[in-house]
Amino acid sequence: MAPAPFALVARSGNALRLAAVDAAAQRQGLTVGMALADARARCPALVSQPQDPAAAPRALQALAARMQRFTPMVALDPPDGLMLDITGCAHLCGTEAELAAQAMVEAGYTARHAFADHAAAARALVRYGSAEQDVRALPVMAVELPTDALSGLRRAGLVTLGDLARRPMAGLAARFGEDMVGRLRAILGEAGSPIAPRNAPAPIRAEARFAEPIARTEDVLAAIEGLLHDAARQMEARQIGGRRFAVMLGRCDGMRLRLGVETGLPLRAPAPVMRLLQERIDSLADPLDPGFGFDRIALAVPRTEPLAARQIALTGDAHAHTDTSCVAALIDRLTTRLGAGNVLRLHPRDTHIPEASQHFAPASQGPPTVWPASSLLRPTFLLDPPQPITALAGVPDGPPQRFRWQGQLHEVTRAEGPERIAPEWWHDPVGHHSPGGLTRDYYRVEDAGGQRFWVFRHGLFDERADPKWYLHGLFV
Amino acid sequence: MLTAPADIHSPCSHPSGSLVIPKLSRGQLHEIHLSAAALATAMAFAFTASGTPAGASMPILLVRAPRLAGIRAMPFGEGLAGLGIDPARLLLVEARDNLGLLRAVLDGARCSGLAAVVAETWGPILEYDLTASRRLVLAAEASRVPVIVLRGCGVTGKRAEPRASAAHTRWAIRPAPSTALEARAPGPPALEAELLRQRGGPSGMRWRLVWNDEYGCFQEDRASGVAIPLQQPALSGAVVPLSPLRAGPAASLAA
């Protein structure tokens with residue numbers, strides 16, 4: 001069975017329009033720009049998904065990084081192309097055609113390619129012609145004018161670029177504008193069309209080699225600190241800070257030991273990174289064994305983020321900044337020592353079930369989220385899991401009069417409730433027609449000693465013959 | 001640099017004869033003794049009695065060792081929001097054992113950007129001795145962060161015995177019955193705070209505190225008249241600094 005035609009839709013104006021179609025949809029006659037309603041009328045089996053506008057540029061950047069395997073000069077050719085300058089690189093893969101074939105395979109997408117002496121000509125050939133064509137035989141669409149200008153050209157009888165080239169340029173410039181003439185000359189090769197290759201930024205690295213292997217811990221730490229100063233200079237020149245630091249210690253017998261630390265905020269200064277490395281060394285299961293000594297120590301900063309130089313404030317406003325950086329440094333230190341899963345922040349979840357309405361996430365992963373305001377009375381501590389209790393209560397929805405928890409009897413003197421919390425019926429395919437789960441009736445009770453509890457009855461008396469009671473939270 | 005402790009109320013007598021409850025002052029170490037079911041009450045007291053208005057958005061560090069806890073409970077964000085504390089401020093650190101817990105508390109005490117450091121401990125801790133508490137006091141004085149150590153009963157029911165420590169104040173917090181609203185609903189939360197020990201001040205007093213929603217803190221319940229000052233008002237004329245009273249035997253500590 002053939003796969004269903006697939007299209008991406010985007011909202012333009014008031015209508016949903018097709019932004020991209022696949023081959024099966026194209027065969028059915030759907031085109032880009034058609035309204036989704038018309039497309040569904042033509043092709044009822046169409047499967048559509050919303051378009052993610054940021055995904056295509058990201059994928060193109062990733063593809064450009066992969067194409068660097070063939071040539072160092074790779075430029076983006078928006079919206080959906082790449083320009084590779086393979087001057088002097090073709091011999092590595094045999095011939096130019098073989099290089100192109102390997103690049104197609106590497107890309108993995110359905111792609112077309114074309115060769116030319118100039119970038120503009122290559123772009124025109126691949127989009128508007130075929131690989132072997134002569135440039136002058138390309139249609140005038142290759143100059144990429146707006147549609148009314150193109151129809152003007154067609155009315156004038158100019159169909160191919162060769163026709164345009166025979167006309168005097170001054171007249172064309174007067175009628176259609178300077179950049180049309182500029183593009184035409186670039187395609188014909190009379191003007192240059194340079195490309196701006198993307199340069200991956202050089203990684204931040206520092207290395208030290210020793211003529212005599214060093215084995216003492218103080219010497220190793222002093223060497224690492226020197227490398228951190230070096231890396232800090234490189235990072236300051238580029239106004240970036242490091243989020244992950246990796247140290248590689250090479251022993252003279254060839255074995256390599258690695259240490260890594262991560263920080264929550266980008267850092268340049270060597271002192272905090274040295275403290276974190278000290279924590280990491282202290283928390284290693286086995287101590288670092290230098291063997292006969294280290295003869296090579298290398299530092300790399302794999303992950304960086306922009307970090308502007310900080311203005312040293314002369315007034316007391318600097319305290320706010322030092323406080324936040326102090327908290328960030330504390331989080332880094334505790335994360336390095338105890339692990340990211342043990343330094344946590346609370347994040348809210350959009351559900352009314354109490355135990356699911358929050359989750360803990362590592363503090364190093366990001367700043368805290370804003371909690372929505374709520375006017376419900378909730379306990380300060382939640383027991384996880386709810387503890388079973390035996391309770392005596394009035395039927396059908398009276399609060400418990402006394403209950404026993406962990407062998408201790410509590411006489412309830414004050415009670416408030418019930419607050420009914422029903423299960424999330426919308427997760428069930430049958431919806432509200434099916435029971436889904438048991439409804440809970442929550443009561444806020446206070447016993448004779450003044451302790452305040454949050455207890456619930458698991459299930460209404462209609463749902464269950466003998467509902468059980470649980471203690472779920474402790475109030476202030 | 002050691003500075004004179006701030007926020008201490010001199011032992012002058014209040015006109016009514018009872019003494020004003022001291023706050024959990026900044027830059028000091030405070031201990032709170034509690035039982036397992038009083039966890040929420042003591043935690044709310046620790047969070048709100050040390051507040052400074054300027055620190056209303058700074059993070060609160062809560063250090064726990066969940067494996068050693070007397071009760072398996074976790075902080076609930078909506079409940080904290082009901083107390084007026086933004087749950088996004090809470091920074092939760094879970095240590096594996098008491099030594100890791102104390103080290104994390106010491107690190108937190110050195111960080112000046114925190115509103116408070118609260119440690120939740122259960123049972124007697126060997127590592128928390130005079131030296132450890134003295135180190136905490138020095139760190140807290142340097143960074144002006146209040147450090148509050150909650151000492152609850154352990155899993156086996158062993159109470160955390162009050163040991164010699166450099167803490168500024170030592171409290172015992174117990175929940176108290178609240179004044180009922182209509183239809184027997186529980187009223188605003190109430191607790192009984194007993195000041196077991198105060199460095200450089202009187203101790204032994206008990207206060208009944210009631211939660212005040214407007215101010216977001218516990219306040220003395222003047223109407224009930226339960227406050228029992230254990231010493232006489234000062235003699236006329238001279239203001240004599242009273243020597244600190246040691247707490248009586250632990251009979252007053254509810255299990």
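Everything numeric in this text was worked out from a predicted model, so none of it was measured.

Asker: Talk me through the overall build of chain A; I want residue IDs and the actual numbers.
Answerer: Looking only at helices and strands, one finds 12 helices and 17 strands in chain A. Relative to its length of 476 residues, chain A is extended, with a C-alpha radius of gyration of 34 Å against a globular reference of 23 Å. Here the C-alpha coordinates of chain A stretch approximately 105 × 80 × 55 Å along the principal axes. By the burial criterion, 26% of the 476 residues in chain A qualify as buried.

Asker: Please set out the overall build of chain B residue by residue, giving values where relevant.
Answerer: Tallying secondary structure elements over chain B gives 4 helices and 10 strands in all. Starting at the N terminus, the α and β elements of chain B follow one another as β-α-β-β-α-β-α-β-α-β-β-β-β-β. When each of the 255 residues of chain B is scored for burial, the buried share is 49%. Within chain B, contacts between residues at least 6 apart in sequence are counted, and of these 72% link residues at least 24 apart.

Asker: Outline the packing of helix H5 (residues 119–128) of chain A against helix H9 (residues 178–188) of chain A, listing residues and values.
Answerer: All names here are of chain A. One way to put it is that H5 packs onto H9 with a least axis distance of 6 Å and a crossing angle of 90°. Considered as vectors, H5 and H9 are oriented roughly perpendicular to each other. For the pair formed by H5 and H9, the contact residues are Ala120, Ala121 and Ala124 on the first element and Arg183, Ala186 and Ile187 on the second.

Asker: Summarise H9(A); cite the residues concerned and give the values.
Answerer: Taken together, the buried positions of H9(A) are occupied by A:Met180, A:Val181, A:Arg183, A:Leu184, A:Ala186 and A:Ile187. Positive backbone phi, approximately 95°, marks A:Gly189, located one or two places after H9(A).

Asker: Tell me what's going on with the sheet that holds strand E1 (residues 6–12) of chain A, and back it up with residues and numbers.
Answerer: Remark on secondary structure: sheet strands pair via backbone hydrogen bonds, oriented parallel or antiparallel. All names here are of chain A. Read from one edge of the open sheet, 3 strands run E2-E1-E3, paired in mixed fashion. Of all strands in the sheet, those bounded by a partner on one side alone are strand E2 (15–21) and strand E3 (47–50). Across the sheet, the axes of successive neighbouring strands diverge by a mean angle of 40°, strand direction being ignored.

Asker: Could you give me a rundown of the sheet that holds strand E6 (residues 147–152) of chain B, with the residues and numbers involved?
Answerer: Taken in spatial order, the 11 strands make up an open sheet running E11(A)-E10(A)-E4(B)-E2(B)-E5(B)-E6(B)-E1(B)-E7(B)-E8(B)-E9(B)-E10(B), and their pairing is mixed. A strand with exactly one partner marks an edge of an open sheet, and here the two such strands are strand E11 (358–362) of chain A together with strand E10 (217–220) of chain B. Strand-to-strand twist of the sheet, defined as the mean angle between neighbouring strand axes without regard to direction, takes the value 30°. Across 8 bridges, the pairing between strand E7 (residues 169–176) of chain B and strand E8 (residues 190–198) of chain B is antiparallel. The residue of E8(B) that forms the bridge with B:Arg174 is B:Glu192.

Asker: Tell me about the interface of chain A and chain B, residues and numbers included.
Answerer: In this complex, chain A contributes 46 residues to the contact, which on the side of chain B involves 48 residues. Of all elements in the fold, only helix H12 (318–338), strand E10 (343–348), E11, strand E12 (381–393), strand E14 (408–421), strand E15 (440–447) and strand E17 (468–474) of chain A reach the threshold of two or more residues within the side of chain A that touches chain B. It is H12(A) that contributes the most residues to the side of chain A that touches chain B, 8 residues altogether. Of the residues belonging to the side of chain A that touches chain B, the class tally is 24 nonpolar, 12 polar and 10 charged. Sheet topology places E12(A) next to strand E3 (residues 73–75) of chain B; 3 bridges connect them, and they run antiparallel. Looking across to E3(B), one finds that A:Leu383 is bridged to B:Ala73.

Asker: How would you sum up the domain arrangement of chain A? Please name residues and give values.
Answerer: Along its sequence, chain A is organised into domain 1 (6–51), domain 2 (56–188), domain 3 (205–324) and domain 4 (381–474). Computed over C-alpha atoms, the centres of domain 2 of chain A and domain 4 of chain A are 71 Å apart.

Asker: Explain the pairing of E8(B) to me, using residue names and the numbers behind them.
Answerer: Regular strands have side chains that alternate between both faces of the sheet. Residue and element names in this part refer to chain B. Taking burial as the measure, the 9 residues of E8 include 8 buried ones, the bulk of the element. Pairing geometry for E8 and strand E9 (residues 206–212), over 5 bridges, is antiparallel. From the neighbouring strand, Glu194 faces E9, where its bridge partner is Arg206.

Asker: Help me get a handle on the packing of helix H10 (residues 217–238) of chain A against helix H11 (residues 270–282) of chain A, residues and values and all.
Answerer: All names here are of chain A. For the pair H10 and H11, the least separation of the axes is 10 Å and the interaxial angle reads 140°. When the axes of H10 and H11 are compared, the pair comes out oblique. Seen from above, H10 lies across H11 with right-handed handedness. Where H10 abuts H11, its residues Ile224, Glu225, Leu228, His229 and Ala232 lie against Pro270, Val273, Met274 and Leu277. Of the residues in the contact of H10 with H11, the class split is 7 nonpolar, 1 polar and 1 charged.

Asker: Break down the pairing of strand E5 (residues 81–84) of chain A for me, citing the residues and quoting the values.
Answerer: Residue and element names in this part refer to chain A. As judged from the 4 bridges shared by strand E4 (residues 74–77) and E5, these two strands associate in the antiparallel manner. Looking at E5, one finds that Leu76 is bridged to Leu82. Joining the antiparallel neighbours E4 and E5 is a turn of 3 residues.

Asker: Outline the environment of B:Asp97, listing residues and values.
Answerer: Residue and element names in this part refer to chain B. Relative to the elements of secondary structure, Asp97 occurs in the loop between strand E4 (90–94) and helix H3 (98–109). By C-beta crowding, Asp97 is classed as exposed, having 12 other C-beta atoms within 10 Å. Through-space distance from the C-alpha of Asp97 to that of Val20 is 38 Å; in sequence the pair is 77 residues apart.

Asker: Residues and numbers for unusual backbone geometry, please.
Answerer: In this model, A:Pro78 is joined to A:Pro79 through a cis peptide bond whose omega is 5°. Positionally, A:Pro79 belongs in the loop between E4 and E5. Residue A:Pro385 is reached from A:Asp384 by a cis peptide bond, and omega for that bond is 5°. Looking at where A:Pro385 falls in the secondary structure, it is placed in strand E12. Phi at A:Gln406 takes a positive value of approximately 55°, unusual for a residue other than glycine. Inspection of the secondary structure puts A:Gln406 in the loop between strand E13 (400–405) and E14. Taking the number of C-beta atoms within 10 Å as the measure of exposure, A:Gln406 has 10 and is therefore exposed. A positive phi angle, close to 60°, is found at B:Arg144, a residue other than glycine. By the secondary structure assignment, B:Arg144 is in the loop between helix H4 (130–143) and E6.

Asker: So what's going on with H5(A)? Residues and values would help.
Answerer: For H5(A), every residue scored as buried is listed here: A:Ala120, A:Ala121, A:Ala122, A:Arg123, A:Ala124 and A:Leu125. Lining the buried residues of H5(A) we find E4, E5 and H9 of chain A.

Asker: Outline the environment of A:Phe70, listing residues and values.
Answerer: Residue and element names in this part refer to chain A. Here Phe70 lies in the loop between helix H3 (55–67) and E4. What makes Phe70 partly exposed here is the crowd of 19 C-beta atoms within 10 Å. Each C-alpha atom, one on Phe70 and one on Ala103, is 7.7 Å from the other, the two residues being 33 residues apart in sequence. Ignoring sequence-local partners within four residues, the contact set of Phe70 consists of Leu84, Ile86, Cys89, Leu99 and Ala103.

Parameters and conventions
- Residues numbered from 1 in each chain as written.
- Chains lettered and ligands numbered in written order.
- Predicted model: local features only at pLDDT ≥ 70, side-chain atom pairs only at ≥ 80, totals over all residues.
- Helix = DSSP H or I, 4+ residues; strand = E, 2+ residues; numbered from the N terminus.
- Rg over C-alpha atoms; globule rule 2.2 N^0.38 Å.
- Buried ≥ 20, exposed ≤ 12 C-beta atoms within 10 Å, placed from the backbone.
- Contact = placed C-beta atoms within 7 Å.
- Axes fitted to C-alpha atoms, helices over the stretch in contact; angles between N-to-C directions.
- Parallel < 35°, antiparallel > 145°, perpendicular 65-115°, else oblique.
- Pairing = 2+ DSSP bridges.
- Nonpolar A, V, L, I, M, F, W, Y, C, P; charged D, E, K, R; others polar.
- Domains from an automatic or database assignment.
- Left-handed = near helix turned anticlockwise from the far one by under 90°.

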